[in-house]
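One-letter residues, chain by chain:
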Amino acid sequence: MLPASQWGLLAALCASALLSWFAPAFNPYFLDVAVSCGINVTLAVSLNLINGYTGQFSLGHAGFMAVGAYTAAMLTTAAAGLLLPLFGGHTALLFLMALLAGGLAAALAGLLVGVPSLRLKGDYLAIVTLGFGEIIRVILQNIDAVGGSRGLIGIPDYSNLFATFGLAAVTVYVVWALVSSSYGRGFIAVADDEIAAEAVGINSTRYKIRAFVVGAFFAGVAGGVYAHFKQYIAPQGFGFDKSIEIVVMVILGGMGNMFGVILAAVLLTVLTETLRQFGDFRMIVYALLIIVLMIARPQGLFRWQRRSVRAAADAPREDA
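Figured I'd write up the structure that's included with this text. (Residues numbered from 1 in each chain as written. Predicted model: local features only at pLDDT ≥ 70, side-chain atom pairs only at ≥ 80, totals over all residues. Heavy atoms only, no water.)

**Remarks on the environment of Asn27**
- Secondary-structure assignment places Asn27 in the loop between helix H1 (4–22) and helix H2 (28–53).
- Residue classification places Asn27 among the partly exposed residues on the basis of a relative accessible area of 41%.
- Distance in space between the C-alpha atoms of Asn27 and Val138 is 36 Å, their sequence separation being 111 residues.
- At 2.8 Å, the side chain of Asn27 forms a polar contact with the backbone nitrogen of Tyr29. (Helix = DSSP H or I, 4+ residues; strand = E, 2+ residues; numbered from the N terminus. Buried < 20%, exposed > 50% of the residue type's maximum accessible area, 1.4 Å probe, protein only. Polar contact = N/O pair within 3.5 Å; in protein donor to acceptor, adjacent residues only side chain to side chain.)

What follows is the structure in structure tokens.
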């Protein structure tokens, strides 16, 4: 008998496939908003593993998204002529391979950033990850092979609702199963009290690096889905503003609150589109609403908070 979480994953995948089947009948604008919601859920949940459950503060998530987006896009454009025959002409297999490659490239970038920087804490870590995101953006702007500041065009339209929401469902399942397992309680212990965790034999640096790598992997895959839906990507789309947008979703949803972060990602995505009627004043109104929400609900929009080690120990184990 499958655990409830696995049944939930299967149900989410079936629902994603059903939505994708009826997608051609959707209004293109609402389809775009729905895909944006799914991508932002993946980004917010993956960042929540780093910022929420492990207690770090990363501002470079858009950089990992950019690495995954450009890696996947280059494999399905520039290298498609070499790779597509290897998959028997099946574009779905090429797309899947490109997404995995984008996720692995982002995970490698997360490892390279995490190993030297995750011994830092608080503001210092935030500055390092912010610098990483800006370095990625500047490098992409100066590489002509990927379009430079003009951006990369001609990306095939491979993404759909199934890929978007299927990825979101897998991300939620993996992060939830990870932090709910006996091993994953180490992430929560590091966030609760890093010194105490070290005292009982938990290698906090190793846990932080693993959280960083897993979060970066899913951000990279989300970038690949984004690139193959928009069919155009540019370095400007992965700047500091995008990282802050993802961080705001995590904070408003409640740090370490899986359900809250999912709802906050959807809510803020829809809110951004709704505020377009204000024209040039859209971002001013958006910023004011965010300030009001943070003052009124500093702990997040929803009541559930990140579990402590004791609460996690009392909860039923995922691997039981």
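**What to know about the packing of aromatic side chains**
- For the structure on display, the rule yields 10 aromatic pairs.
- Ring geometry for Tyr183 against Tyr207: centres 5.0 Å apart, planes inclined by 25 degrees, an arrangement best described as stacked. One end of the pair, Tyr183, is in the loop between helix H7 (161–180) and helix H8 (185–192); the other, Tyr207, is in helix H10 (residues 204–230), with 24 residues separating them in the sequence.
- Between Phe187 and Tyr207, the ring centres sit 5.1 Å apart and the planes meet at 85 degrees, which makes this aromatic pair edge-to-face. Note that Phe187 is positioned in helix H8 and Tyr207 in helix H10, a separation of 20 residues in sequence. (Phe/Tyr/Trp six-rings, centres within 6.5 Å; stacked < 30°, edge-to-face > 60°.)

**Digging into the pattern of salt bridges**
- Under the defined criterion, the tally for this structure stands at five salt bridges.
- Glu273 is the partner of Arg276 in a salt bridge, and the nearest nitrogen-oxygen pair spans 2.8 Å. (Salt bridge = Lys/Arg side-chain N within 4 Å of Asp/Glu carboxyl O.)

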